[in-house]
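Here are the chains, one letter per residue:
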Amino acid sequence: MLAVSLISGSAYTLPSRARAPRMDAAVAKDAAFGASHTSFYTDAVAKASYETLGEVLEAKCADPELRSVLGTMFDGCGTITEALRKELVTVAEKQESVFGDVQLGVDVLADDLMWDICKTEPLIKEGASEEEPEVREMHADGKFCVCWDPLDGSSIVDNNWAVGTILGIWGAETGILGATGRDQKASLVALYGPRTTVFVTLDDGVYEFTYGANGVDGWLCSRDAIEIATESKIFAPANMRAAQEVPEYAKLIEYWMTNKYTLRYTGGLVPDICQQFTKRQGVFANPTSESSPAKLRLAFEAAPFGLLVEKAGGKTSDGVSGASILDTKITGIDQRTPLCIGSASEVDRFNLVLGLGK
């Protein structure tokens, strides 16, 4: 019996001890055999060839200046990837976060890299980091304003779980403060896991690029025209402490559980939402309560993800009025917000059960 090596493409014979056990007819009919029947596997099929980042940007991003900025940001994500593979996760010697968050060495490294990019890229007019509460001018005649969360997931990076970089790009004509998420020119999110992937909004939708795949020193387009289905059976319930004070949220979680939805939640915003692009469904809910207030930052996290999800056919809720998170005006760089995001039917359910939009 032959098997194909995924690495070399060569065929080889499995040793006898590795042969799969024979299944009888009754077991073979059991959809749950070998794995939970609620598991969701990839539907990606190997292609004969893959387009490069440059080729896709040329075809799918009409603005040449935005193409240049996106290419620079992709380079930065590649650099952060290499740093994460080599750096130990330790507390930074110098703590500079004005929010009181504990900074790790990898946080500082990623943030410093993003600032270096902004300082050297003349197309960037303003920059703002989730680590600091101010918008800084980089180049007076720049065309774009960029804000970022350099390494979201600091509380789980020491577990070696997936973390990421979140980045929103606004035009200089609107800036960041006073604008909405809908004003963004583009947004992208890098997910650093066993592979590094970046999801980005282009002119006609959402695309995924993978770093260093198939022996290529750079980015290949691994998914195009990503769509999030209206219906979902995957849920990621954040801020479950709020369910102790908000009975409607407890009721919603109970609905997901009793209807046998699959729980996929790590506590990392990037992997917990990015699964919606790869599984093509899902809902992430983060309501708030009096003792569990909003932690997600509108400009750095909610707005960039909102653009990605809505451009892929999903829906968002601001968790207050039930309106799209993209319509919330950014009045402060540290502005926090509740959020529900993902498959449209589940966001509608969130609004309905929590009594929003009445």
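By the naming in an unreviewed UniProt entry, the chain goes by Fructose-bisphosphatase and is assigned to Emiliania huxleyi. Note on the chain: under the UniProt heading Sequence similarities (unreviewed entry), the record states "Belongs to the FBPase class 1 family." If you open the UniProt record of the chain and go to Pathway (unreviewed entry), you find "Carbohydrate biosynthesis."

A. Structural view of the sheet that holds strand S11 (residues 234-237). What the five strands build is an open sheet, ordered S12-S11-S13-S15-S14; its pairing is mixed. Every interior strand has two partners, whereas the edge strands, strand S12 (262-263) and strand S14 (315-317), have only one. Where S11 lies against S12, two bridges are found, and the strand directions are parallel. Note on S12: the bridge partner recorded for Phe-235 is Leu-263. Contacting S14 and strand S15 (339-342), helix H7 (residues 298-311) crosses the sheet at an angle of about 30 degrees to S15. The strands touched by helix H8 (residues 344-353) are strand S13 (283-286), S14 and S15; relative to S14, the strand with the most contacts, the crossing angle is about 20 degrees.

B. Examining the packing of aromatic side chains more closely. Scanning all chains against the criterion turns up eight aromatic pairs. Ring plane angle 85 degrees and centroid distance 5.1 Å describe the contact between Phe-74 and Trp-219, whose orientation is recorded as edge-to-face. One end of the pair, Phe-74, is in helix H3 (residues 64-86); the other, Trp-219, is in strand S10 (residues 219-223), and 145 residues separate them in sequence. Judged by relative accessible area, Trp-219 falls into the buried class, the value being 7%. Each ring, one from Phe-235 and one from Tyr-261, has its centre 6.5 Å from the other, and the planes form 80 degrees; the classification is edge-to-face. In this pair, Phe-235 sits in strand S11 while Tyr-261 sits in the loop between helix H5 (247-258) and S12, placing the two residues 26 residues apart along the sequence. For the pair shown, Phe-235 and Tyr-261 are each scored as buried. Within the aromatic cluster, the residues linked to one another by ring pairs are Phe-74, Phe-209, Tyr-211 and Trp-219. Seen from the ring of Trp-115, Arg-136 lies directly overhead, with NZ or CZ sitting 4.5 Å from the centre.

What counts and how
Residues numbered from 1 in each chain as written. Predicted model: local features only at pLDDT ≥ 70, side-chain atom pairs only at ≥ 80, totals over all residues. Heavy atoms only, no water. UniProt positions renumbered as here; feature names shortened; annotations may be inferred. Pairing = 2+ DSSP bridges. Helix = DSSP H or I, 4+ residues; strand = E, 2+ residues; numbered from the N terminus. Contact = heavy atoms within 4.5 Å. Axes fitted to C-alpha atoms, helices over the stretch in contact; angles between N-to-C directions. Phe/Tyr/Trp six-rings, centres within 6.5 Å; stacked < 30°, edge-to-face > 60°. Buried < 20%, exposed > 50% of the residue type's maximum accessible area, 1.4 Å probe, protein only. Lys NZ or Arg CZ within 6 Å of the ring centre and 35° of its normal.

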